[in-house]
Amino acid sequence: MTDEKRTDEARDTEASPGAVSLAKGLSRRDILTGAGLGASGLLVAGGAHFMNNLPDATIQRLIEKGVGANRNGAFFNTDALHVITTGTGAPLPDPKRAGPQTVVVAGDQMLVFDTGPGSTRQLALTGLGISSVNALFLTHFHSDHISDLGEFMLQHWTGSGVSEPLKVFGPPGVEDVVEGFLRAYRLDRGYRIDHHGAEVMPPSGFGGEAHTFDLGTDLMSSDVVYEAGNVQVVAFNVDHPPVVPAVGFRVNYRDRSVLITGDTIYSDSLIHHANGADLMVSDALNHKMSQWVADAGRHMENNLTAVAEDIQESHIRPEEAAVVAREAGVPLLMITHVLPPVPAPLVNPFLRDARAIYSGEVRMANDGTLISLPVNSDQYSIHELLA
């Protein structure tokens, strides 16, 4: 295993060594190198005055460098199943985490799973082109998994003027969700076509096209819902009370695979469908911490206590996710949809019970965590694209 990243707990205090700047556009390092204009020498002479009074020519060159940069970097050059967690939060607010979203890049396919609030922007910050997305998959229709759908479809259309709408796959109900966002954005569609013209914004590329699959009510049910080249997407039922339907997805690319649980509680279906996967990206709620949040909120005049208690019946515990990964033979477990939100010092306590019973590697994913699974190998590497 290669790992070019520090521990998750140190994310906020240390830059990833050797990491390509994909997220922030113009970094301080870009300015210090002067973009070929000798800014480093000027800085020595002028210090803060120069930094606060950059010449227009320097600014122009920096903008050109930032706009023209290959924001995908070298991470995606290898033939691998690449998994990026572009949204790792949940409904409870967390300043460092957008709503749920996972991206898979494999072969010539770029697939996105869920569109939680703020996730579209996080995906754009990785440097990956939203117009390049081949298909979007929804696990269920809780608001924190679909609320960015309108913005996602808009960015898919406007980014490079695609001529076909985004394909949106989901269980029964996906048609209503897509149609609702299309209606909400219909006026904006007209504005943008009028402003930029049909050549730049082809009317036919607006919005999304719903593709429904129905797995029935059997919790062990699954089906192939998408295939392109060597990429296969399998949807399977999960148990996320009281939400029905709710599904997870397994993506297979050549000899590598990832399981994306969506929101779920523990079930044999998870073990069955995760069997032999290389990576499991799992929802997780620490019940002990959630109960402490509920207890702390009892004196408050809001719904925090009720919500923090109710959600415990709907989400898998970190240690239960570890049991699934252990029994299914999955060597790497990435925790996402983090509930309750925790600061960096509490990441280890959040995962402590999971690590105690699982010999594989378990981590808490961040927005922008990239896990690369090279083909014809059992190795993986982990990088932070937004650190």
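In what follows, the structure referred to is the one given above.
Since the structure is predicted, the reported quantities are computational estimates derived from the model, not experimental observations.

Helical periodicity: at 3.6 residues per turn, an α-helix aligns residues three or four positions apart in one direction. Among all positions of helix 9 (residues 287-296), only His-287, Met-289, Ser-290 and Ala-294 are buried. Each buried residue of helix 9 sits inside an arc of 165 degrees when the element is viewed along its axis, so together they form one side. Along helix 9, exposed side chains directed more than 90 degrees from the buried face belong to Lys-288 and Trp-292. In the core, the buried residues of helix 9 are packed alongside strand 11 (279-285), helix 10 (304-310) and helix 12 (347-357). With a side-chain oxygen positioned 3.2 Å from the backbone nitrogen of Lys-288, the residue opening helix 9 is Asn-286.

Below, the discussion takes up a nonpolar patch on the surface. On the surface, Ile-59, Ile-63 and Val-67 cluster together to form a nonpolar patch covering roughly 270 Å² of accessible area. Among the structural elements, Ile-59 can be located in helix 3 (residues 56-68). Taking the relative accessible area as the measure of exposure, Ile-59 reaches 34% and is therefore partly exposed.

So, on to unusual backbone geometry. For the bond from Pro-241 to Pro-242, the omega torsion is 5 degrees, close enough to zero to count as cis. Position of Pro-242 relative to the elements: it lies in the loop between strand 8 (231-237) and strand 9 (247-253). Note that the residue after Val-244, namely Pro-245, is joined by a cis bond; omega there is 0 degrees. Take Pro-245: it is sitting in the loop between strand 8 and strand 9. Not every positive phi belongs to a glycine, and Asp-114 is a case in point at roughly 75 degrees.

Their axes nearest at 9 Å, the elements helix 6 (residues 149-158) and helix 7 (residues 174-196) cross at an angle of 45 degrees. The angle between helix 6 and helix 7 places the two elements in the oblique class. The handedness of the crossing between helix 6 and helix 7 comes out as right-handed. From helix 6, Leu-149, Gly-150, Glu-151, Met-153, Leu-154, Trp-157 and Thr-158 reach across to helix 7, where they touch Val-177, Val-178, Phe-181, Leu-182, Tyr-185, Asp-188, Arg-189, Arg-192 and Ile-193. Grouping the amino acids of the contact of helix 6 with helix 7 by side-chain chemistry returns 10 nonpolar, two polar and four charged.

As paired strands, strand 12 (residues 332-339) and strand 13 (residues 361-364) are joined by four bridges and run parallel to one another. Its bridge partner lying in strand 13, Leu-333 is registered against Val-362. As a crossover connection, the stretch from strand 12 through helix 12 into strand 13 is right-handed.

Spatially, eight strands are ordered 6-5-4-3-2-1-14-15 in an open sheet, and the strand pairing comes out mixed. On the outer flanks of this sheet lie strand 6 (208-212) and strand 15 (381-384), each paired with one strand and no other. Each strand axis lies, on average, 20 degrees off the axis of its neighbour in the sheet, ignoring direction. Pairing of strand 2 (residues 101-106) with strand 3 (residues 109-113) involves five bridges; the strand directions are antiparallel. Each bridged residue has a counterpart across the sheet, and for Ala-106 the counterpart in strand 3 is Gln-109. In this fold helix 6 packs onto strand 2, strand 3, strand 4 (135-137), strand 5 (166-170) and strand 6, with an angle of close to 150 degrees to the strand it touches most, strand 5. Strand contacts of helix 7: strand 5 and strand 6, with the helix running at about 170 degrees to strand 6, the strand carrying the most contacts.

Take the side chain of Gln-109 next. By the element assignment, Gln-109 lies in strand 3. In this structure Gln-109 comes out as buried when scored by relative accessible area, which is 8%. Within the structure, Gln-109 has its side chain in polar contact with the side chain of Asp-108 (distance 3.3 Å). Reaching out from Gln-109, the side chain makes a polar contact with the side chain of Tyr-226 at a distance of 2.4 Å.

Strands sit in the order 7-8-9-10-11-12-13 across an open sheet of seven strands; the sheet is mixed. Bordering the open sheet on either side are strand 7 (222-228) and strand 13, each of which pairs with just one other strand. Averaged over neighbouring strand pairs, the angle between their axes works out to 20 degrees when direction is ignored. Pairing between strand 9 and strand 10 (residues 256-260): five bridges, direction antiparallel. Bridging from a neighbouring strand, Tyr-253 pairs with Arg-256 of strand 10. Across the sheet, helix 11 (residues 318-328) touches strand 11 and strand 12, and the angle it forms with strand 11 is around 155 degrees.

Attention now moves to helix 6. Most of helix 6 sits inside the fold, with eight of its 10 residues counted as buried. Within helix 6, the full set of buried residues consists of Leu-149, Gly-150, Phe-152, Met-153, Leu-154, His-156, Trp-157 and Thr-158.

Okay, the side chain of Arg-256 next. Within the secondary structure, Arg-256 is located in strand 10. In this structure the side chain of Arg-256 is engaged in a polar contact, spanning 3.2 Å, whose partner is the backbone oxygen of Gln-379. Each residue touching Arg-256, except ones within four places of it in the same chain, is listed here: Leu-81, Val-251, Asp-278, Leu-373, Pro-374, Val-375, Ser-377, Asp-378 and Gln-379.

Here is what the cut-offs are and how they apply
- Residues numbered from 1 in each chain as written.
- Predicted model: local features only at pLDDT ≥ 70, side-chain atom pairs only at ≥ 80, totals over all residues.
- Heavy atoms only, no water.
- Buried < 20%, exposed > 50% of the residue type's maximum accessible area, 1.4 Å probe, protein only.
- Helix = DSSP H or I, 4+ residues; strand = E, 2+ residues; numbered from the N terminus.
- Arc of directions from axis to C-beta.
- Contact = heavy atoms within 4.5 Å.
- Polar contact = N/O pair within 3.5 Å; in protein donor to acceptor, adjacent residues only side chain to side chain.
- Patch = residues over 30% accessible without salt bridge, like charges linked within 9 Å, V, L, I, M, F, W, Y side chains within 5 Å.
- Areas by Shrake-Rupley, 256 points an atom, 1.4 Å probe, with all protein chains shown as cover.
- Salt bridge = Lys/Arg side-chain N within 4 Å of Asp/Glu carboxyl O.
- Axes fitted to C-alpha atoms, helices over the stretch in contact; angles between N-to-C directions.
- Parallel < 35°, antiparallel > 145°, perpendicular 65-115°, else oblique.
- Left-handed = near helix turned anticlockwise from the far one by under 90°.
- Nonpolar A, V, L, I, M, F, W, Y, C, P; charged D, E, K, R; others polar.
- Pairing = 2+ DSSP bridges.
- Right-handed = clockwise from strand over helix to strand, strands pointing away.

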